[in-house]
Amino acid sequence: MTTQDLTPPTDARPGDKTLGEPIVVIDGVQKYFGAHHVLKDVSLTVRRGEVVVICGRSGSGKSTLLRCVDQLETIDGGTIHAAGHLMGFREKNGKRIPLGDAQVARQQRDLGMVFQNFNLFPHISVIDNITLAPVRILKRNKAEARAEARTLLKRVGLPDKENAYPRQLSGGQQQRVAIARALAMQPKVMLFDEPTSALDPEMISEVLDVMVDLSRQGMTMIVVTHEMGFARAAADRVLLMHEGHIVEEAAPETFFNHPESEHTKLFLSKILAH
Amino acid sequence: MNWSWSYFFEYLTNGLMVEGAWTTIWLSVVSMVLGLGLGVIAAMMKMYGNRALRWIAEFYIWLFRGTPILIQLVIIYTGLPQLGIRLNVIESAILGLALNEGAYLAEIIRAGIMSVDKGQNDAARSVGMTWRERMWLVILPQATRTIIPPLGNQFNGMLKTTSLASVISMEELMRNAQMLAQIEFRVLEVYLVAALWYLLLVSIWSAIQVRIEAHYEKPFGPAAAVSPEAEKELAKAIEKAGPA
């Protein structure tokens, strides 16, 4: 990691909010799926409280990058530091040794992830979805965990759904429960993997509203999305990925109005055309 | 014709038959529970084990699904003593039935686990669950829903398969019927009564199975597919969209 990575982007909006120390540092990450080179030497530093939006065509590696940060995929090169952990490895005498299942799980608790397809646990009620990990994994007191879950449900606008099963909810409602489930672990960073891509258009805003709200409360967020409205409203930086590289990285204002990369211009022309 | 109603009714409530039926029930339950344990272990070894564990699980499944349960029981009870392994009748019957059942259940459990959406594993990992926690709290409870119907069929089969333990003199329903038949030679009456007992046990089990299936279907049930709220929202959205 060079010192250059630590300086905030020059075009960060001054006075908007003060960003903290680097909390996610991705350095030279390589990822292959078989012979397919998905992430090519990707580096990115995200500071505490920062909201970074990553966009790009499907297959550009943006979701894979997010999954690598959360250790849902193992990386083939480089390092990822997140929430104070060297993700997936420990260092011993300058050598990196892969962590076992339990230690990886411990690291993952500090990162929250929201998926395109919600992935709620369908066999248990909404409130059990939220309290399952705090109660069974963190051994939190059940009554306390339920009280907190109710607060979270209020926060995502679903105070009356605690006893519903996921199937009884609309997509937008399910995704908001999924956000509450992730928040219940009190993560230091929230990762969103195309959180609105599987939603009907009329349900997108209810999820984005929750996300904007979360960003205003100072949550560090990395969001893979094509919702440019969200990027304008909440992002500190917008990135474009293309064929496994980050090809553009700028504040929203610059990203949308004065993009440098031809890939960004082409991407924006396609996504803003309709 | 040599049919006797009086013998038939006598056998219906005969103490030996009632005892035999009770033995059939607990032998089935114990063998099924042990078989389920073996099946889960074998399925896990086959799906997640290293090469050696996988090989052991596959060999076990191949061996016990590939040979008749009758031979397995006879070998365990009358063959193993030659190697110095002496099991009594009850131990032999339970061991044989459980080993046989486990081999079939392993494949059912494996299919059940594979039926759970991959995203569930991602979600469980993202909240920091270890492999065991994911299995126990997320994957297996959902696999259960797929596993329960074939599992019920297996137990239905088990209730009747226990009759084979009569050949190693396990005193269950079939064996006790044989003993009564040898006393009074009312063969048709006594075996018909035995058959009726099996029908009764299987019927009771079927009623229980329906309830268990309903319990595990509840979160997924058709009634739960679309809530009134979701439906209202949908109607609102259609209205908002206006005429096409």
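Residues numbered from 1 in each chain as written. Chains lettered and ligands numbered in written order. Predicted model: local features only at pLDDT ≥ 70, side-chain atom pairs only at ≥ 80, totals over all residues. Heavy atoms only, no water.

Undergrad: Any details on the overall build of chain A? Residues and values, ideally.
TA: Within chain A, the secondary structure is distributed over nine helices and 12 strands. Relative to its length of 274 residues, chain A is compact, with a C-alpha radius of gyration of 19 Å against a globular reference of 19 Å. The 274 residues of chain A split such that 57% are buried. A fraction of 66% describes how many contacts in chain A between residues 6 or more apart in sequence connect residues 24 or more apart. Accessible surface, chain A: about 11900 Å² in total, of which carbon and sulfur atoms supply 48%. Charge centroids of chain A, computed over 33 positive and 33 negative side chains, lie 7 Å from each other. (Helix = DSSP H or I, 4+ residues; strand = E, 2+ residues; numbered from the N terminus. Rg over C-alpha atoms; globule rule 2.2 N^0.38 Å. Buried < 20%, exposed > 50% of the residue type's maximum accessible area, 1.4 Å probe, protein only. Contact = heavy atoms within 4.5 Å. Areas by Shrake-Rupley, 256 points an atom, 1.4 Å probe, with all protein chains shown as cover. Lys, Arg positive; Asp, Glu negative; His and termini not counted. Charge placed at Lys NZ, Arg CZ, Asp CG, Glu CD.)

Undergrad: Provide a residue-level description of the interface of chain B and chain A, including the pertinent values.
TA: Tallying the contact residues gives 29 residues for chain B and 32 residues for chain A. Counting each side, the surface lost to burial between chain B and chain A is near 2700 Å², with a carbon and sulfur contribution of 56%. In terms of surface lost to chain A, no three residues of chain B exceed B:Arg125, B:Ser126 and B:Val127, which account for 21% of the buried area on that side. Measuring nitrogen to oxygen at the nearest pair gives 3.6 Å for the salt bridge that ties B:Arg134 to A:Asp101. On the surface where chain B and chain A come into contact, there are six residue pairs in polar contact (both at pLDDT 80 or more). (Buried area = accessible area lost by both parts, 1.4 Å probe. Salt bridge = Lys/Arg side-chain N within 4 Å of Asp/Glu carboxyl O. Polar contact = N/O pair within 3.5 Å; in protein donor to acceptor, adjacent residues only side chain to side chain.)

Undergrad: An account of the pairing of strand β12 (residues 245–250) of chain A is needed here, citing residue identities and associated values.
TA: Across a regular strand the side chains alternate sides, sitting on one face of the sheet and then on the other. Residue and element names in this part refer to chain A. The pairing of strand β11 (residues 237–242) with β12 spans five bridges and is antiparallel. The residue of β12 that forms the bridge with Leu-239 is Glu-249. Between the antiparallel neighbours β11 and β12 lie two residues, among them Glu-243 with a positive phi of about 50 degrees. (Pairing = 2+ DSSP bridges.)

Undergrad: Would you mind going over the packing of helix α4 (residues 69–79) of chain B against helix α5 (residues 89–114) of chain B in detail, with residue names and values included?
TA: Residues and elements named next belong to chain B. At a minimum axis distance of 9 Å, the contact between α4 and α5 shows a crossing angle of 140 degrees. Considering their axes alone, α4 and α5 lie oblique with respect to each other. When the axes of α4 and α5 are compared, the crossing they make is right-handed. Residues Ile-69, Gln-72, Leu-73, Ile-76 and Tyr-77 of α4 touch α5, and the partners they reach there are Val-89, Ser-92, Ala-93, Leu-95, Gly-96, Leu-97, Leu-99 and Asn-100. Split into classes, the residues belonging to the contact of α4 with α5 amount to nine nonpolar, four polar and no charged. (Axes fitted to C-alpha atoms, helices over the stretch in contact; angles between N-to-C directions. Parallel < 35°, antiparallel > 145°, perpendicular 65-115°, else oblique. Left-handed = near helix turned anticlockwise from the far one by under 90°. Nonpolar A, V, L, I, M, F, W, Y, C, P; charged D, E, K, R; others polar.)

Undergrad: I'd like to hear about the UniProt feature "domain: ABC transmembrane type-1" (unreviewed entry) in chain B, residue by residue, with values.
TA: Those places that UniProt annotates as "domain: ABC transmembrane type-1" (unreviewed entry) correspond, in this numbering, to residues 21–209 of chain B. Here residues 21–209 of chain B runs as 83% helix and 0% strand, with 19 Å between its end C-alpha atoms. (UniProt positions renumbered as here; feature names shortened; annotations may be inferred.)

Undergrad: Tell me about the UniProt feature "transmembrane region" (unreviewed entry) in chain B, residues and numbers included.
TA: Residues and elements named next belong to chain B. On the UniProt side, "transmembrane region" (unreviewed entry) is annotated at positions that read residues 20–43, 55–77 and 190–208 here. Across residues 20–43, the secondary structure splits into 100% helix and 0% strand, with the terminal C-alpha atoms separated by 33 Å. A helix fraction of 100% and a strand fraction of 0% characterise residues 190–208, whose end C-alpha atoms lie 27 Å from each other.

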